[in-house]
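Structural overview
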Amino acid sequence: MSPKRKLLHYGIPFASREPVLDYMKKSEVVIKQLLKVLMNGLNLHEIDETKELLLMGSMRTNLNYYPKCPNPELTVGVGRHSDASTLTILLQDEIGGLFVRGNDGDNWIHVPPIKGSLVINVGDALQIISNGKYRSVKHRVVANGSKNRISIPIFVNPRPIDMIGPFPELIENGEKPIYKQVLYSDYVKHFFCKAHDGKETVVFAEL
Ligand SMILES: O=C(O)CCC(=O)C(=O)O
Ligand SMILES: [Fe+2]
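About the thresholds
- Residues numbered from 1 in each chain as written.
- Chains lettered and ligands numbered in written order.
- Predicted model: local features only at pLDDT ≥ 70, side-chain atom pairs only at ≥ 80, totals over all residues.
- Helix = DSSP H or I, 4+ residues; strand = E, 2+ residues; numbered from the N terminus.
- Rg over C-alpha atoms; globule rule 2.2 N^0.38 Å.
- Buried ≥ 20, exposed ≤ 12 C-beta atoms within 10 Å, placed from the backbone.
- UniProt positions renumbered as here; feature names shortened; annotations may be inferred.
- Near = placed C-beta within 6 Å.
- Nonpolar A, V, L, I, M, F, W, Y, C, P; charged D, E, K, R; others polar.
- Arc of directions from axis to C-beta.
- Contact = placed C-beta atoms within 7 Å.
- Pairing = 2+ DSSP bridges.
- Axes fitted to C-alpha atoms, helices over the stretch in contact; angles between N-to-C directions.
- pLDDT = per-residue confidence, 0-100.
- Core = buried A, V, L, I, M, F, W, Y, C linked by C-beta atoms within 7 Å.

The protein chain is annotated in an unreviewed UniProt entry as Fe2OG dioxygenase domain-containing protein from Gossypium trilobum.

In structure tokens:
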């Protein structure tokens, strides 16, 4: 792991810290591979240190626990939102309840849990960095009436101190930038200062 990269584990109970950090470190192999493929899709064939830090300079994990809810229709599990990350690597148990918004924008698709699989979501930071080529996915979680649910997302992020904006190579190729440069910590502050609101957060970075 690059010495400049940060794995954040604040609030994770002490007993779980080591396995969680180990899981995060091991996930880097998959994350690097995914980013390599995604960057190839943008015609960027080399991920230098600057790019690597922008794409995965900081990683954070959550341990989500959704207690069973006797009246699931009266509550919101997690409201519709897209993640502020570049990528989110989500491990979910066998209960289900995660829905993603379909491409045509008016249907919710259940993401069925498949044993041994990970769900990979594109986040807002990658949408901004790729100048809209990769689009973050809107998703939500519904509560379950009879079973508790656990999910563990790893949010792969730029560092808070990074300015994020479309990669210069994309703009040099004559593309019109649709996003401005924003300080990633400002983006995250904006993300958390309001209730989840679908994909509205990314408007913060629009030109
Ligand atoms: O629990 C899940 O499946 C997803 C949670 C989520 O969207 C999030 O933590 O950002
Ligand atoms: Fe999410």
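1. What about the overall build of the protein chain?
Along the protein chain, the regular secondary structure elements total five helices and twelve strands. Here the C-alpha radius of gyration of the protein chain, 17 Å, is about what a compact globule of 207 residues would show, namely 17 Å. In terms of principal-axis extent, the alpha carbons of the protein chain reach across some 55 × 40 × 30 Å. The buried share of the protein chain, taken over its 207 residues, is 29%.

2. Description of the UniProt feature "domain: Fe2OG dioxygenase" (unreviewed entry) in the protein chain
Taken from the UniProt record, the annotation "domain: Fe2OG dioxygenase" (unreviewed entry) applies to residues 57-158. The span residues 57-158 shows a helical share of 6% and a strand share of 39%, and its end C-alpha atoms are spaced 5 Å apart.

3. Side note on the site of ligand 1
Close contacts around ligand 1 come from Asn 62, Asn 64, Val 78, Asp 83, Leu 90, Gln 92, Leu 98, His 139, Val 141, Ser 151 and Pro 153, and that covers them all. Listed by contribution, the elements that provide at least two residues to the shell around ligand 1 are β5 (87-92), β9 (139-141) and β10 (149-157). Residue composition of the shell around ligand 1, grouped by class: five nonpolar, five polar and one charged.

4. Comments concerning unusual backbone geometry
Located in the positive-phi region is Asn 43, a residue other than glycine, with phi close to 65 degrees. Within the secondary structure, Asn 43 sits in the loop between α1 (14-40) and α2 (49-56). The residue Asn 131 is not glycine, and still its phi comes out positive at about 55 degrees.

5. Quick notes on helix α5 (residues 184-192)
Among all positions in α5, only Tyr 184, Tyr 187 and Val 188 are buried. Buried positions in α5, seen along its axis, are confined to an arc of 95 degrees and lie on one side of it. Buried residues along α5 sit in contact with α3 (124-129), β11 (163-164) and β12 (182-183).

6. Concerning the sheet that holds strand β6 (residues 98-101)
Reading across the sheet, the four strands line up as β4-β9-β6-β7 and stay open at both edges, with antiparallel pairing between neighbours. Looking at which strands have only one partner, the edges of the open sheet turn out to be β4 (78-81) and β7 (108-110). Averaged over all pairs of adjacent strands, the angle between their axes in this sheet comes to 20 degrees, without regard to strand direction. Pairing between β6 and β7: three bridges, direction antiparallel. From the neighbouring strand, Arg 101 faces β7, where its bridge partner is Trp 108.

7. Quick notes on the confidence of the model for the protein chain
Reading fine detail from the predicted coordinates is not recommended where pLDDT is low. Here the protein chain averages 92 in pLDDT, while 94% of its residues score no lower than 70. The ipTM assigned to the predicted complex is 0.99, against a pTM of 0.93.

8. So, the nonpolar core
In terms of nonpolar packing, the biggest core is built from 30 residues, with Ala 125, Ile 128, Ile 129, Val 156 and Ile 164 touching the most fellow members. Counting residues per element, the ones that place at least two in this core are α1, α2, β5, α3, β10 and α5.

9. Looking at the pairing of β6
Of the pairings in the sheet, the one linking β6 to β9 comprises three bridges and is antiparallel in character. In the sheet register, Phe 99 faces β9, and the bridge partner there is Arg 140. Count of turn residues in the β6/β7 antiparallel hairpin: six residues, of which Gly 105 carries a positive phi of about 85 degrees.

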